[in-house]
Amino acid sequence: MNWKEDYQRKVTKPEIAIKDIHDGQCVVMGHAAAAPHVVQQALADHCEDYYDVLLYHMTTLGDNPCYQPRCFGHFRHVSNFLSANSRDVVERREGDFFPAYFKDVPSMLDRDIPCDVAVFQVSPPNAEGYCSLGVSCDYAKAAIHAAKTVIVEANEMMPFTYGDTMVHVSQVDHIIPCSYPLQELVLPEPGEAELAIGRHCASLVSDGSTLQLGIGAIPDAVLRALGDKNDLGIHSEMFSNGVMELMKKGVITGRRKTLHRDKAIVTFIMGTKELYDFVDQNEQVEFYPVDYVNSPLIIAKNERMISINSCLEVDLQGQVASETIGMRQYSGIGGQVDFIRGASLAREGKAIIAMRSTAAGGTISRIKPFLTKGAAVSTSRNDVDYIVTEYGVARLKGRTLQHRAQDLISIAHPDFRPALIEEYESRFHCKYEE
Ligand code: COA
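Not measured: the values here are computed from a predicted model. (Residues numbered from 1 in each chain as written. Predicted model: local features only at pLDDT ≥ 70, side-chain atom pairs only at ≥ 80, totals over all residues. Heavy atoms only, no water.)

Asks: Help me understand the sheet that holds strand S10 (residues 174–178) in this model?
Replies: Within a sheet, each strand pairs with its neighbour through backbone hydrogen bonds, oriented either parallel or antiparallel. An order of S4-S3-S2-S1-S5-S7-S10 is seen for the 7 strands of this open sheet, with the pairing classed as parallel. On the outer flanks of this sheet lie strand S4 (95–97) and S10, each paired with one strand and no other. Ignoring strand direction, the axes of neighbouring strands in this sheet form an average angle of 20 degrees. Across 5 bridges, the pairing between strand S7 (residues 149–155) and S10 is parallel. Looking at S10, one finds that Val152 is bridged to Ile175. This element, helix H3 (residues 37–45), spans strand S1 (26–29), strand S2 (53–57), strand S3 (75–79), strand S5 (117–122), S7 and S10 of the sheet and lies at about 120 degrees to S7. (Pairing = 2+ DSSP bridges. Helix = DSSP H or I, 4+ residues; strand = E, 2+ residues; numbered from the N terminus. Axes fitted to C-alpha atoms, helices over the stretch in contact; angles between N-to-C directions. Contact = heavy atoms within 4.5 Å.)

Asks: I keep staring at the packing of aromatic side chains and nothing clicks. Help me out?
Replies: The description of two aromatic rings rests on the distance between their centres and on the angle between their planes. Going through the model one piece at a time under the given rule, you end up with 10 aromatic pairs. Considering the side-chain rings of Tyr424 and Phe428, the 5.1 Å spacing of their centres and the 50 degrees angle between planes classify their relative orientation as tilted. Remark: Phe428 and Tyr424 occur in helix H15 (residues 417–428); sequence separation between them is 4 residues, near one turn of the helix. Their ring planes at 85 degrees and their centres at 5.3 Å tell us that Tyr424 and Tyr432 sit as a pair that is edge-to-face. Pair check on accessibility: Tyr424 and Tyr432 agree, each one buried. One aromatic cluster is present, built from ring pairs that chain together Phe102, Phe120, Tyr139 and Phe268. (Phe/Tyr/Trp six-rings, centres within 6.5 Å; stacked < 30°, edge-to-face > 60°. Buried < 20%, exposed > 50% of the residue type's maximum accessible area, 1.4 Å probe, protein only.)

Asks: For this particular structure, what's the right way to read the state of the cysteines?
Replies: The term disulfide refers to a covalent linkage connecting the sulfur atoms of a pair of cysteines. All chains considered together, the criterion is met by 0 disulfides. Among the cysteines around Cys26, which has no disulfide bond, Cys115 carries the closest sulfur, lying 6.1 Å off. Looking at Cys26, the relative accessible area reads 2%, which means it is buried. The thiol of Cys137 is not disulfide-bonded; the next cysteine sulfur, from Cys131, is found 14 Å away. Residue Cys137 is classed as buried on the basis of its relative accessible area of 0%. (Disulfide = S-S within 2.5 Å.)

Asks: Help me out: how do you make sense of the sheet that holds strand S17 (residues 320–321) in this one?
Replies: Spatial ordering of the open sheet is given by S17-S16-S23, a layout of 3 strands whose pairing is mixed. Every interior strand has two partners, whereas the edge strands, S17 and strand S23 (367–368), have only one. The pairing of strand S16 (residues 313–315) with S17 spans 2 bridges and is antiparallel. Each bridged residue has a counterpart across the sheet, and for Val314 the counterpart in S17 is Val320.

Asks: Help me understand the pairing of strand S15 (residues 305–309), please; the structure alone is not making it clear to me.
Replies: Along any regular strand, the residues point their side chains to alternate faces of the sheet. Here S15 lies mainly inside the structure; 5 of its 5 residues are buried. Burial along S15 is two-sided: the residues Met305, Ser307 and Asn309 and Ile306 and Ile308 are all buried. Pairing of strand S11 (residues 210–213) with S15, which is carried by 4 bridges, proceeds in the parallel orientation. Looking at S15, one finds that Thr210 is bridged to Met305.

Asks: I'm lost on the pattern of salt bridges in this one. Help?
Replies: Counting across every chain of the model gives 23 salt bridges. The residue Arg92 makes a salt bridge to Glu94 at a minimum N-O spacing of 2.9 Å. For Glu423, the salt bridge identified is with Arg427, shortest N-O distance 2.9 Å. With Glu423 and Arg427 both in helix H15 and 4 residues apart, this pair spans about one turn of that helix. By relative accessible area, which is 19% here, Glu423 ends up buried. A single salt-bridge network, built from bridges that share partners, covers Asp6, Arg9 and Lys10. (Salt bridge = Lys/Arg side-chain N within 4 Å of Asp/Glu carboxyl O.)

Function-wise, these values are silent; they only describe arrangement.
Structure follows, in structure tokens:
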């Protein structure tokens, strides 16, 4: 059978495709802007037909109709990276969080997570019958390989991207042709503090560096400070519109990259339609599975690798909490530690954690004597390298506990320095010197 006949045979409606999902099964869904919204809507509409189906996903953008309270009991959500809407579901105890490095998800789908059904959004097929995974490559191939049943939404608006993104029509069981805009992520305009953080980070970036940019407002603010650099490269778990802007301006060229020269390497993107249009059929950008992109040994092959991530709080030893506020699970680890380790292993690499010095409208210092009770350590004091706030840069690698505390106090918000100094003097039995 040629692929076109195969395609026609597999084309179906969402209400029909979801009949292949059964009670108690585990369904692994596409990630971020590639989450399968047509199937999610069909599942929500027919939720009373299901009992105790596990829905695995990572970050979700926009509304997921399966998060509605009326779906509780029919579906249970499991995620290793929470965003605004899934955080609510976990807090309502209608979903669960599992800690895991993002890079380990593909191998877990083989060994630890029973993947009965895989549901992904893809582009329509090309002339050879290959669909592209579009804006999210991450764990899709692993799930499609592991699942007993594969359902894809062939969305006309999903960009056709390059790298290791091809899925052939013969690999799937049900195809739902559709056309709907991808969910967008619009980052807030950076304020004064973010712009100052950007300038401090930029002082650590030399021409020809390869960058990883984490999630949140700060990494994109850093990009705004890099306009006068030359020949930067990208090897990043994700990126947003800021990278596109610098590619268009010729600041990011990849010309001096020591791995995947001339290409921006990524596993998923989240941004606006302009970004999604930019990556469509764009040979400058290549998407690879997350176990490759986030592997510290692969990352380390990039000389002058610089990772730039954000966090929620840091204690005076340099322990970094990036995913919890006390016992509250806020997000997930993603690739933070893998990129910190990869950048630290790379020749002339640097690993930066950048954050505002305060949170909650300036009422809380993010530099603290101790992490908030219950906080999970995301980046340990053994891995931490540079910490940046709007007040400057502290390099912790190779520094003693006492020096770390001194350096961190020097970049804390001035309003909170007296309390930190008091802790310092009682901890180290000596006067704090500016
Ligand atoms: N105590 C209390 N509240 C805190 C806090 C703290 N220590 N730190 C932050 N908050 C609050 C903020 O005030 C803010 O609340 P608001 O929205 O009401 O103003 C909220 O928590 C979010 O903080 P913010 O720093 O603005 O988040 P962000 O969107 O910039 O994301 C991380 C920052 C750390 C959550 C995000 O980068 C992350 O999840 N990192 C871990 C994963 C990672 O680095 N992956 C990298 C590869 S993609």
